[in-house]
Amino acid sequence: MSDITEKTVEQLEQLKINDDQETAPTSTTTSEEQGDRTAQTSLYVGDLDPSVTEALLYDIFSPIGSVTSIRVCRDAITKTSLGYAYVNFNEHEAGATAIEKLNYTPIKGRLCRIMWSQRDPALRKKGNGNIFIKNLNEDIDNKALYDTFSVFGNILSSKIATDENGQSKGFGFVHFEEETAAKEAIDALNGMLLNGKEIYVAAHLSRKERDSQLEESRANFSNIYVKNIDPETTDKEFEDLFSKYGETTSIALEKTPEGTLKGFGFVNYVNHEDAAKAVDELNDLDFKGQKLYVGRAQKKFERMQALKKQYEATRQEKMAKYQGVNLFVKNLDDSIDDEKLKEEFTPFGTITSAKVMTTENGKSKGFGFVCFSSPEEATKAITEKNQQIVAGKPLYVAIAQRKDVRRNQLAQQIQARNQMRYQQATAAAAAAAAGIPGQFMPPMFYGVMPPRGVPFNGPNPQQMNGVPPQQFRNGPMYGMPPQGAPQGGFPRNGGNSNQFYQQKQRQALGEQLYKKISAKTSDEEAAGKITGMILDLPPQEVVSLLENDELFEQHFTEASAAYESFKKEQQQAPQAEGAAPAAEPEQSA
């Protein structure tokens, strides 16, 4: 700290020496910056418990000063809290007092993090004044980090990176208002002990800058990694093998606490050329009966990226290999095993594999896969076997798809179906308002309210809670024919009779499906969406689902996953409403 004080005194003396022409613009700029700071009245409040509401925040912040608005930012679909809020005061002084008195105080068991709201994205995203700290002790929290670095200057934001359980990852960020404060903090604290651990403090680098440095280190590496080393190898033998290629700074064989070799080591050369020569000549060398691996030493992040790319390449190769030849077969009877499944599809071509999926107890899950040697054979099998009765059940046969592809398709079906239903409902409401007669059958809405003016034809939540159906004002009860439909029998007109029967059948199946799905989820909206998705299947398949619990469970899981994926996409839409100014979440720290 004494070095920092002396440095600051020297800077002040240099400022006094400057002439008036240099001092004038500096003072003008400072006054403008101070004016911007004093104009700030909006606070960012982060690390909030999901149950924190605007009312609770008002009770906490209103004693500080006059509060103009409070907004807890919420998910656009589920309306659940995102864990941060904005509090707007009438005066800047009230906001400054709130930061001083309430920052890192507990709100519902969590220490809140308060800072000025930075609505200028350029200020948050620029690297000036932003520093990175790693090798932090797990006991260091946001408050301890803030207290440690606040002595160097005004902090815009600071945060410890945590995992999904709230545990520290051992690194964090501090964004200073002034770049000089950040430099002083780096000079003073880099390499210092904090809670028994030596911390690393440096200027924060963007991902682009880090990638650029990584590419440079790859091209000019001097540290090499060696594995597949014989356990009997001595330090002298290992050193003699690598030292002949150039001057080294360190040679190390990794050992256990007991002193036995782990089978790998590191060699660091002074010059890149010597390291590259050692890699070229010693890689795949037979050393004491084992083939050595010698290559550039990589960080964990690089290794993970390489493994990820390797896995993705293997997956793509596998997908290309089985594209158009692997079939998905469902609605299988419990008596169908691998051999019987293969016998059913053998007449259509050469089968490379046939597998019925089973539980841990060996019981069939009701579906399986058949892989042919060519797409033509697979296409022929789909044409002939789809909807064919096998062991008393109609088979469903189609090209096998990855889970993410099915989810995307189901999400698109949800969106398209909801749009179509809304258009139909709107058209029906407009026709009814205009007094136009027609035989339009109103669409069914499961678990959600229809547009205004459209009869509700879904499950009645009031009836489910024991309230008499007469109190339900929106329309006829779920499972009952709509107003104007024939009572006591079907219409005599053949076409209308068939249409009415199909509608009644769909309605009855929907009611049974909704009851089963409602028992598995407490979200009424999700239950309605999932019911509509499954109800789009042919009636015969829906009946099979209702009779087979395992098949129902499979469809429910896929439809639920598709619905969740659809919700996440909707959550990414910008939120335009709210009482407070539309400030973006703090992200620099």
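The written sequence of each chain sets the order in which its residues are numbered from 1. Reporting in this predicted model follows two pLDDT cut-offs: at least 70 for local features of residues, and 80 or more for side-chain atom pairs to be given and counted; totals over whole chains, interfaces and linings ignore these cut-offs and use all residues. Excluding hydrogens and water, the side-chain values take into account all heavy atoms of the structure.

Looking at an unreviewed UniProt entry, the protein carries the name Polyadenylate-binding protein, with the source organism given as Maudiozyma saulgeensis.

1. Quick word on the overall build of the protein
For clarity, the cut-off: Only runs of H or I of at least four residues qualify as helices and only runs of E of at least two qualify as strands under DSSP, and these elements are numbered from the N terminus. Whether two residues are in contact is decided by their heavy atoms, any of which lying within 4.5 Å being enough. Using a 1.4 Å probe, the Shrake-Rupley method yields the accessible areas, and only the shown protein chains count as cover for residues.
Along its length, the protein carries 19 helices and 24 strands. Pairs at least 24 residues apart make up 63% of the contacts formed inside the protein by residues separated by at least 6 positions. About 34,600 Å² of surface is accessible on the protein, with carbon and sulfur atoms providing 49% of the total.

2. Concerning the nonpolar core
For clarity, the cut-off: Side-chain atoms within 4.5 Å link the members of a nonpolar core, which is a set of buried Ala, Val, Leu, Ile, Met, Phe, Trp, Tyr and Cys residues. Under the scheme applied here, a residue whose accessible area is under 20% of the maximum for its type counts as buried, over 50% as exposed, and between as partly exposed, the area being computed with a 1.4 Å probe on protein chains only.
Grouped together as the largest cluster of nonpolar side chains are 23 residues, with contacts concentrated most on Leu513, Ile517, Ile530, Met533 and Ile534. Sorting the residues of this core by element identifies helix H14 (403-434), helix H16 (494-518), helix H17 (524-535), helix H18 (539-547) and helix H19 (549-571) as the ones contributing at least two each. Residue contributions to this core peak at seven residues, all from H19. The contacts of Ile517, once residues within four sequence positions are left out, are Ala527, Ile530, Thr531, Ile534, Phe552 and Phe556. Residues Phe61, Phe89, Ile99 and Leu102 belong to the second largest nonpolar core, which totals 20 residues.

3. Brief notes about the sheet that holds strand S24 (residues 396-399)
Convention followed: A pair of strands is treated as paired once DSSP finds two or more bridges between them. Lines are fitted to the C-alpha atoms to define the axes, a helix being fitted only along its stretch in contact, and any angle between axes, read from their N-to-C directions, falls within 0 to 180 degrees.
Taken together, the four strands give an open sheet; going across it, the order is S20-S21-S19-S24, and neighbouring strands pair in antiparallel fashion. Both edges of this open sheet fall to strand S20 (351-358) and S24, since each of them pairs with a single strand only. The mean angle between the axes of side-by-side strands here comes to 20°, regardless of whether they run parallel or antiparallel. The pairing of strand S19 (residues 326-330) with S24 spans four bridges and is classified as antiparallel. Its bridge partner lying in S24, Phe328 is registered against Ala398. Lying over the sheet, helix H12 (residues 338-345) contacts S19, S20, strand S21 (364-372) and S24, oriented at roughly 135° with respect to S20. Each of S19, S21 and S24 is contacted by helix H13 (residues 375-385), which is oriented at about 155° to S24, the strand it contacts most.

4. Looking at the pattern of salt bridges
This is how it is decided: One speaks of a salt bridge when a side-chain nitrogen belonging to Lys or Arg is within 4 Å of a carboxyl oxygen belonging to Asp or Glu.
Evaluation of the coordinates by the stated rule reveals 12 salt bridges. Arg110 is the partner of Asp49 in a salt bridge, and the nearest nitrogen-oxygen pair spans 3.9 Å. Taken together, the residues Asp49 in the loop between strand S1 (42-46) and helix H3 (54-61) and Arg110 in strand S5 (residues 110-111) connect sequence positions 61 residues apart. Residue classification places Arg110 among the partly exposed residues on the basis of a relative accessible area of 40%. When the shortest N-O distance is used, the salt bridge between Glu344 and Lys385 registers 2.8 Å.

5. So, unusual backbone geometry
Phi is positive for Lys108, which is not a glycine, with a value near 55°. With respect to the helices and strands, the residue Lys108 is situated in the loop between strand S4 (106-107) and S5. Residue Asn195 is not a glycine yet carries a positive backbone phi of 55°. By secondary structure assignment, the location of Asn195 is in the loop between strand S10 (193-194) and strand S11 (197-198).

6. Remarks on the sheet that holds strand S9 (residues 168-176)
One open sheet holds the four strands; their spatial order is S8-S9-S7-S12, and the pairing between them is antiparallel. The outermost strands of the open sheet, each flanked by one partner alone, are strand S8 (155-162) and strand S12 (200-203). Strand-to-strand twist across the sheet, computed as the mean angle between neighbouring axes with direction ignored, equals 20°. Where helix H6 (residues 142-149) meets the sheet, its contacts fall on strand S7 (130-134), S8, S9 and S12, and the angle it forms with S8 comes to roughly 140°.

7. Regarding the pairing of S19
Burial analysis of S19 places four of its five residues in the buried class, which makes it a mostly covered element. Relative to S21, S19 is paired through five bridges, and the arrangement is antiparallel. Across the sheet, the residue bridging to Leu327 is Val370, located in S21.

8. Things to note about helix H11 (residues 300-322)
Convention followed: Between the first and last residue of a helix there are one fewer steps than residues, each counted as 1.5 Å, and that sum is the expected span.
Between its terminal C-alpha atoms H11 stretches 33 Å, which fits the 33 Å expected from 23 residues at 1.5 Å a residue. Phi for Gly324, located one or two positions after H11, is positive at around 80°.

9. Quick word on the packing of aromatic side chains
As a reminder, the rule being used: Classification of ring pairs uses Phe, Tyr and Trp, with its six-membered ring standing for Trp, and accepts pairs whose centres are within 6.5 Å; under 30 degrees between planes counts as stacked, over 60 as edge-to-face, and the remaining range as tilted.
Throughout the structure, instances matching the rule amount to 19 aromatic pairs. On the numbers, 5.9 Å between centres and 50° between planes, the contact of Phe132 with Phe171 is tilted. With Phe132 in strand S7 and Phe171 in strand S9, the pair connects residues that are 39 residues apart, well separated along the chain. A residue is classified by how much of its surface remains accessible, and Phe132, at 22% relative accessible area, is partly exposed. When its relative accessible area of 26% is taken as the criterion, Phe171 is described as partly exposed. A ring pair is formed by Phe238 and Phe242, whose centres lie 5.0 Å apart and whose planes are at 55°; its orientation type is tilted. Highlighted residues: Phe238 and Phe242, both in helix H9 (residues 235-243), separated by four residues, approximately one helical turn. What makes Phe238 buried here is its relative accessible area of 2%. Grouped by ring-pair contacts, the aromatic residues Tyr225, Phe264, Phe266 and Tyr293 constitute a single cluster.

10. Quick look at H6
Counting along an α-helix, one turn takes 3.6 residues, and residues three or four places apart therefore face a common direction. Quick note on the threshold: Directions pointing from the helix axis toward each C-beta atom define the arc.
All of the buried residues in H6 are Asn142, Leu145 and Phe149. When H6 is viewed along its axis, its buried side chains cluster within an angular range of 65° and face the same direction. Considering only its buried residues, H6 is in contact with strand S6 (113-116), S7, S8, S9, helix H7 (179-189) and S12.

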